[in-house]
Amino acid sequence: MKPYRSIRWMLTMWNMLLLAAVLVTLLSLHYHLQRKSFMSRIDTELQNALFEALPSVAPPDSRRPEFQPRFDRPPPDDEAPGREPPARGPRYEGPDNEAPMKQLEAEQFLEELPENNLYLLAWDPEGNPTHRIGAVPDAQYTDYPQQTAERTYLLRPNVRELVTYHPSGALVVIGRPLTEVNLQLRNLRGYLILIGCGIFLLGYSGGRCMISRALKPIKEISKTAEEISAGAHSQRIELADAPEELEGLASTLNRSFDHLDDAIENQKRFSADASHELRTPIAVVLAQSQVGLKRERSVPEYRSILEACNRAGERMKTMADSLLDLTRIDGNETPLNNREVSLNPLVAQAVSDAAHLSDQHPVDFQALEKPLRASVDENRIHQVLMNLMRNAIQHNPDGCAIHVSLKQEGAVAQITVADEGAGIPDESLPHVFERFYRADKSRSREQGGAGLGLSIVQSLVEAHGGKIYVHNDGGAVFTIQLPLKG
């Protein structure tokens, strides 16, 4: 069995790929947000440290005359150009009493830089180093871009730096090692990988369990089908635990299994009944032939024997023809030669033919003057009507009339064949269309009936897209409904 053709495998792989994509996306986003947060805090710390240390690294008296530096923090980016900035405290615009105080505070701050895990580098406008404080990495003046931007953040191997070109022309770099941050980020990556693997395994286990639970009814269906194919025809699919999506399938299969069971039982009964029905005429033929062969007989005696054999042969032929008709109808091997005709003359002709079957059973016909047109096979409908009227003649005493009517009921033509007899026993009404079923077995056997005529009638009517019903109303009443044209 190829695994990629398994529903379980396809569903599991799809769920795992989807879960993996979601986990990688979310955990990567979380990691980058955390890293960005760390860098943002470091950048803020570097900026604050720079403005604390700048008065000492580039004091006012060292600036070039064309510049007027300001040692307070620059206005935030959201202040529009040209707008009067809000009061931020005193600014140093030239030599005054505050400059020495700021420089002293800055020098004291520089002494605390190593304790804060910071370092500072400074070069004068000619590129000569002026300050080197803290655990300074190897760096030269030429390592930094020669530009006029006020501030630039650089990320070098294992360090984060803020590079500033002072208005005096000095280059000031303040930075911080990222060893601790990198360790935290590495630990964060490890935790996120562990969390992702845990969630992935949990999702895999839960998804596999849910998929197994969802596919369990399919296994039950397969198991039941195998049991039925092995001969346990009474087995059915349990619907109690079936999901809503499979409940309809299970119900349909159960109905199919019911039909299959009925078909098998009907086939067994059909074979048994056919064998039983054929046994009688065969026994007659054998018995009569043995009687004739025992000794010499007169011509009248031989004639009587041959007549008995002929009747038995006719009965077997009738039964064989009926069985062949049923087989062809069931297998759709007898196409109907349908054409649009008027039912009125068709039914009238069948009534006329039936009237010649017995002088003791008058047959009358009632129909509307309006012609009812339908697409039918004339020969098959004639066969249906003759079978119904022949049954009425055979199963009713002399003098019992037969009434045939044709009328329209909505979009269907309704043909009724009724007799004035005793009717069909109530317990037999549901079974009259079953094959080999006889309400009065002794009478049918004497008259040569095999119990197949009404089965053929029902099959032919349904092949035309119609329906046939039977009920008692004094006598037996058979009602045929055929769809009308137009």
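Provided above is the structure to which this section pertains.
Reference entry: report on the structure contained in this document. (Residues numbered from 1 in each chain as written. Predicted model: local features only at pLDDT ≥ 70, side-chain atom pairs only at ≥ 80, totals over all residues. Heavy atoms only, no water.)

1. Quick look at a nonpolar patch on the surface
And then number 1: Taken together, the side chains of Ile-7, Trp-9, Met-10, Leu-11, Met-13 and Ile-218 define a hydrophobic patch exposed on the protein surface, amounting to about 520 Å² of accessible area.
And then number 2: If one sorts the elements of the nonpolar patch by residue count, helix α1 (residues 7-57) sits on top with five residues.
And then number 3: If you trace the backbone, Leu-11 turns up in helix α1. (Patch = residues over 30% accessible without salt bridge, like charges linked within 9 Å, V, L, I, M, F, W, Y side chains within 5 Å. Areas by Shrake-Rupley, 256 points an atom, 1.4 Å probe, with all protein chains shown as cover. Salt bridge = Lys/Arg side-chain N within 4 Å of Asp/Glu carboxyl O. Helix = DSSP H or I, 4+ residues; strand = E, 2+ residues; numbered from the N terminus.)

2. Focus on the sheet that holds strand β2 (residues 129-133)
The pairing of strands in a sheet comes from backbone hydrogen bonds and takes either a parallel or an antiparallel form.
And then number 1: Judged by pairing direction, the sheet is antiparallel, and its five strands sit side by side in the order β2-β1-β5-β4-β3 without closing on themselves. Strands at the two margins of the open sheet, each flanked by one partner only, are β2 and β3 (151-156). Mean inter-strand twist for the sheet, computed between neighbouring axes without regard to direction, equals 15°.
And then number 2: Pairing between strand β1 (residues 119-123) and β2: four bridges, direction antiparallel. The partner of Leu-120 across the bridge, within β2, is Ile-133. (Pairing = 2+ DSSP bridges. Axes fitted to C-alpha atoms, helices over the stretch in contact; angles between N-to-C directions.)

3. Quick word on the packing of helix α7 (residues 378-394) against helix α9 (residues 453-463)
And then number 1: Interhelical geometry of α7 versus α9 gives an angle of 145° and a closest axis separation of 10 Å. Crossing handedness for the pair α7 and α9: left-handed. Facing α7, whose interface residues are Arg-380, Gln-383, Val-384, Asn-387, Leu-388 and Asn-391, α9 presents Gly-453, Leu-454, Ile-456, Val-457, Leu-460 and Val-461. (Left-handed = near helix turned anticlockwise from the far one by under 90°. Contact = heavy atoms within 4.5 Å.)

4. Overview of the environment of Pro-371
And then number 1: Within the element layout of this structure, Pro-371 appears in the loop between β7 (363-367) and β8 (373-376).
And then number 2: For the pair Pro-371 and Lys-407, spaced 36 residues apart in sequence, the C-alpha to C-alpha distance is 9.5 Å.
And then number 3: Among residues more than four places away in sequence, those in contact with Pro-371 are Ser-342 and Asn-344.

5. Examining unusual backbone geometry
And then number 1: Of note in this structure, Asn-117 is not a glycine but carries a positive phi near 65°.
And then number 2: Since its relative accessible area comes to 35%, Asn-117 is described here as partly exposed.
And then number 3: Here Asn-158, not a glycine, exhibits a phi torsion of approximately 65°, which is positive.
And then number 4: With respect to the helices, strands and loops of the structure, Asn-158 is situated in the loop between β3 and β4 (159-165).
And then number 5: A relative accessible area of 37% places Asn-158 in the partly exposed class. (Buried < 20%, exposed > 50% of the residue type's maximum accessible area, 1.4 Å probe, protein only.)

6. Considering the nonpolar core
And then number 1: Formed by 47 residues in total, the largest nonpolar core has its most connected members in Leu-385, Leu-388, Met-389, Phe-478 and Ile-480.
And then number 2: Those residues in contact with Phe-478 that sit more than four places away from it in its chain are Leu-388, Ile-415, Thr-416, Val-417, Ile-424, Phe-433, Leu-454, Ile-468, Tyr-469 and Val-470.
And then number 3: Residues Ile-42, Leu-113, Ala-122 and Leu-178 belong to the second largest nonpolar core, which totals 25 residues. (Core = buried A, V, L, I, M, F, W, Y, C linked by side-chain atoms within 4.5 Å.)

7. Structural notes on the pattern of salt bridges
And then number 1: In total, this model carries six salt bridges according to the counting rule given.
And then number 2: For the salt bridge of Glu-378 with Arg-339, the shortest nitrogen-to-oxygen distance reads 2.4 Å. Residue Glu-378 is found in helix α7, and its partner Arg-339 is found in strand β6 (residues 339-342); the two are separated by 39 residues along the sequence.
And then number 3: By relative accessible area, which is 27% here, Glu-378 ends up partly exposed.
And then number 4: Residue class for Arg-339 comes out partly exposed when judged on its relative accessible area of 48%.

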